[in-house]
Amino acid sequence: FEMGVVPDDTESIAKAVKKAAVSADIIVTTGGVSAGDYDLVVAALKSIGAKVLFHKVRMKPGMAFAAATFEGKFILALSGNPSAAAVTMDVFGRSLIRKFQGAPDLFMETVRVKMKKAFTKKSPMGRYVRGRLVIENGEAYFDPSPASANGITSANCGMDLLGVIPAVGIAEGETIECYRF
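Residues numbered from 1 in each chain as written. Predicted model: local features only at pLDDT ≥ 70, side-chain atom pairs only at ≥ 80, totals over all residues. Heavy atoms only, no water.

The bond known as a disulfide is covalent and runs between the sulfur atoms of two cysteines. Under the definition given, this model contains zero disulfides. Unpaired in this structure, cysteine 157 has its nearest cysteine sulfur neighbour in cysteine 178, at a distance of 19 Å. Among the residues examined, cysteine 157 registers a relative accessible area of 53% and is labelled exposed. (Disulfide = S-S within 2.5 Å. Buried < 20%, exposed > 50% of the residue type's maximum accessible area, 1.4 Å probe, protein only.)

Okay, here's the thing in structure tokens:
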């Protein structure tokens, strides 16, 4: 069920999490986990005695992400940035949900494919980029989404791969690992 928008104050966030914990197995929040004045989710979780498992991960997009437990329930605190939230949900949340469903394979299938075109944008920690699997002349390629800015949700449309791009970028024709949807 949806809790709606919660005000940016520790007490309201804590109250919403406690209410959700009554009937949810997994609680997912969006926004409020970075380092700004209104990023109060982790403080709210700590205020109710939740055990914060980790806060911030070394990935882009999606660095602002936290996981916690409270009264036997898992909490996934995603970034407020739509692309970052989608990536962390795919990389971390999907496996947790599959575990709760009793699925035999918890993790997304990985494939190694060649880059259809170079991705030269550097990042200190590499990045996850949405793209499509393209077969040309019997070769499998990763074709990155042309709309890859963090706030562009249309970058998810029609994409079936999540490519793991190295920090230094990658040249056309080089092989990368991708998660397959």
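Picking up after the structure, the text goes on.
The next subject is the packing of aromatic side chains. One pass over the full model with this rule turns up five aromatic pairs. On the numbers, 5.0 Å between centres and 25 degrees between planes, the contact of phenylalanine 65 with phenylalanine 92 is stacked. Placement of the pair is phenylalanine 65 in the loop between β2 (51–55) and β3 (66–70) and phenylalanine 92 in helix α3 (residues 82–101), with a sequence separation of 27 residues. For phenylalanine 65, a relative accessible area of 0% corresponds to the buried category. (Phe/Tyr/Trp six-rings, centres within 6.5 Å; stacked < 30°, edge-to-face > 60°. Helix = DSSP H or I, 4+ residues; strand = E, 2+ residues; numbered from the N terminus.)

Below, the discussion takes up the sheet that holds strand β6 (residues 127–136). The strand order around the closed barrel formed by five strands is β5-β7-β6-β8-β9, and the pairing between neighbours is mixed. The average undirected angle you get between the axes of adjacent strands in this sheet is 55 degrees. Across five bridges, β6 lies against strand β8 (residues 161–165) in antiparallel orientation. When the bridges of β8 are listed, valine 129 appears paired with glycine 163. Of the strands in this sheet, β6 and β8 are in contact with α3, which crosses β6 at around 75 degrees. (Pairing = 2+ DSSP bridges. Axes fitted to C-alpha atoms, helices over the stretch in contact; angles between N-to-C directions. Contact = heavy atoms within 4.5 Å.)

Looking now at unusual backbone geometry. In this chain, lysine 60 is followed by proline 61 through a cis amide linkage whose omega measures -10 degrees. Turning to its location among the elements, proline 61 is positioned in the loop between β2 and β3. Not every positive phi belongs to a glycine, and lysine 56 is a case in point at roughly 85 degrees. By relative accessible area, lysine 56 is classed as partly exposed at 35%. Positioned with a positive phi, glutamate 71 is a non-glycine residue whose angle comes to about 50 degrees.

So, about the pattern of salt bridges. Enumeration over the complete set of coordinates arrives at six salt bridges. Of the charged contacts, one joins aspartate 143 and lysine 117 as a salt bridge, the two residues approaching to 3.1 Å between their closest N and O atoms. Of this pair, aspartate 143 sits in strand β7 (residues 139–144) while lysine 117 sits in the loop between β5 (109–115) and β6; the two residues are 26 residues apart in sequence, bridging distant segments of the chain. Residue class for aspartate 143 comes out buried when judged on its relative accessible area of 9%. Under the relative-accessibility criterion, lysine 117 is labelled partly exposed at 41%. Linked by salt bridges that have partners in common, Asp90, Arg94 and Arg130 make up one network. (Salt bridge = Lys/Arg side-chain N within 4 Å of Asp/Glu carboxyl O.)

We now examine the nonpolar core. Counting residues in each nonpolar core, the largest one holds 21 residues, and the members touching the most others are Val17, Ile27, Leu45 and Ile75. Every element with two or more residues in this core is listed here: α1 (10–21), α2 (41–47), β3 and β4 (73–78). Broken down by element, the residue count for this core peaks at five residues, all from α1. Apart from residues no more than four positions distant in its own chain, leucine 45 is found in contact with Val17, Ala50, Ala68 and Ile75. Counting residues in hydrophobic clusters, the runner-up holds twelve residues, among them Ala67, Leu76, Leu96 and Tyr128. (Core = buried A, V, L, I, M, F, W, Y, C linked by side-chain atoms within 4.5 Å.)

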